[in-house]
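A structural walkthrough
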Amino acid sequence: KGRQGENFSKLTEISESGTGDFRTPSLELCFRNDGSHLLPLVYRGHRIVNGVVASKTGMPVLGAQNPRGAQTLIVDMVDPYTELKIQLLYTVFPGLRAVSRRTLVHNTGRVVM
């Protein structure tokens, strides 16, 4: 069911087109096989790790230089049709009233985008 917004739209953490969330999509993909833009993400699991999860692409990550005391929640989501994997990462730092948030997209190679 999820949270309800204006006009009873479905509010999700990752807003996506075609799933009842009428906000501007935060993640928008086009699958080349059929031109679909739908991404029906399903929760697969979560874990908490100590520290900051490093970037594999070399992009800077908040707290990577001094991760002492930080903890990161990793939420795993997957599109069951394309097997596209999405990871939502939330990092908290001791003494700060802020949450660092980022999204990782893993294309398993099964579907061309």
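The structure presented is a predicted model; accordingly, all values stated were derived computationally and were not measured. (Residues numbered from 1 in each chain as written. Predicted model: local features only at pLDDT ≥ 70, side-chain atom pairs only at ≥ 80, totals over all residues. Heavy atoms only, no water.)

**So, the overall build of the protein**
As a reminder of what qualifies: By definition, any uninterrupted DSSP run of H or I lasting at least four residues is a helix, any uninterrupted run of E lasting at least two residues is a strand, and each is numbered from the N terminus. Burial classes follow relative accessibility: with a 1.4 Å probe on protein chains only, a residue under 20% of its type's maximum area counts as buried, one over 50% as exposed, and anything between as partly exposed. Here, residues are in contact when the closest pair of their heavy atoms is within 4.5 Å. Accessible surface is estimated by sampling points in the Shrake-Rupley manner with a 1.4 Å probe; for residues, cover comes only from the protein chains shown.
Helix and strand content of the protein: zero helices and six strands. For the protein, the N- to C-terminal ordering of α and β elements is β-β-β-β-β-β. Looking at the protein residue by residue over its 113 residues, the buried ones come to 30%. Within the protein, counting contacts between residues at least 6 apart in sequence, those at least 24 apart form 40% of the total. When the accessible surface of the protein is totalled, it reaches about 8,000 Å², and 54% of it is carbon and sulfur.

**Comments concerning the nonpolar core**
Note the threshold: We define the nonpolar core as a collection of buried residues of types Ala, Val, Leu, Ile, Met, Phe, Trp, Tyr and Cys that are connected through side-chain atoms lying within 4.5 Å of one another.
Counting 10 residues, the largest nonpolar core consists of I14, L27, L39, L41, V75, M77, L84, I86, L88 and Y90. Within the residue set of this core, elements represented by two or more residues are strand 4 (71-78) and strand 5 (85-92). Residue contributions to this core peak at three residues, all from strand 5.

**Thoughts on the environment of M77**
Relative to the elements of secondary structure, M77 occurs in strand 4. Each C-alpha atom of the pair M77 and Y43 lies 4.6 Å from the other, and the pair is 34 residues apart in sequence. In contact with M77, other than residues within four places in its own chain, are L41, V42, Y43, R44, L84, K85, I86 and L88.

**Focus: the sheet that holds strand 3 (residues 42-50)**
What counts here: Any two strands with at least two DSSP bridges between them are considered paired. Note on method: axes are straight lines fitted to C-alpha atoms, helices fitted across the in-contact stretch only, with angles between N-to-C directions ranging 0 to 180 degrees.
Strand order in the open sheet formed by four strands is 3-4-5-6, with antiparallel pairing between adjacent strands. Both edges of this open sheet fall to strand 3 and strand 6 (99-106), since each of them pairs with a single strand only. Strand-to-strand twist of the sheet, defined as the mean angle between neighbouring strand axes without regard to direction, takes the value 15°. Inspection of the sheet shows strand 4 paired to strand 5 by eight bridges, in the antiparallel sense.

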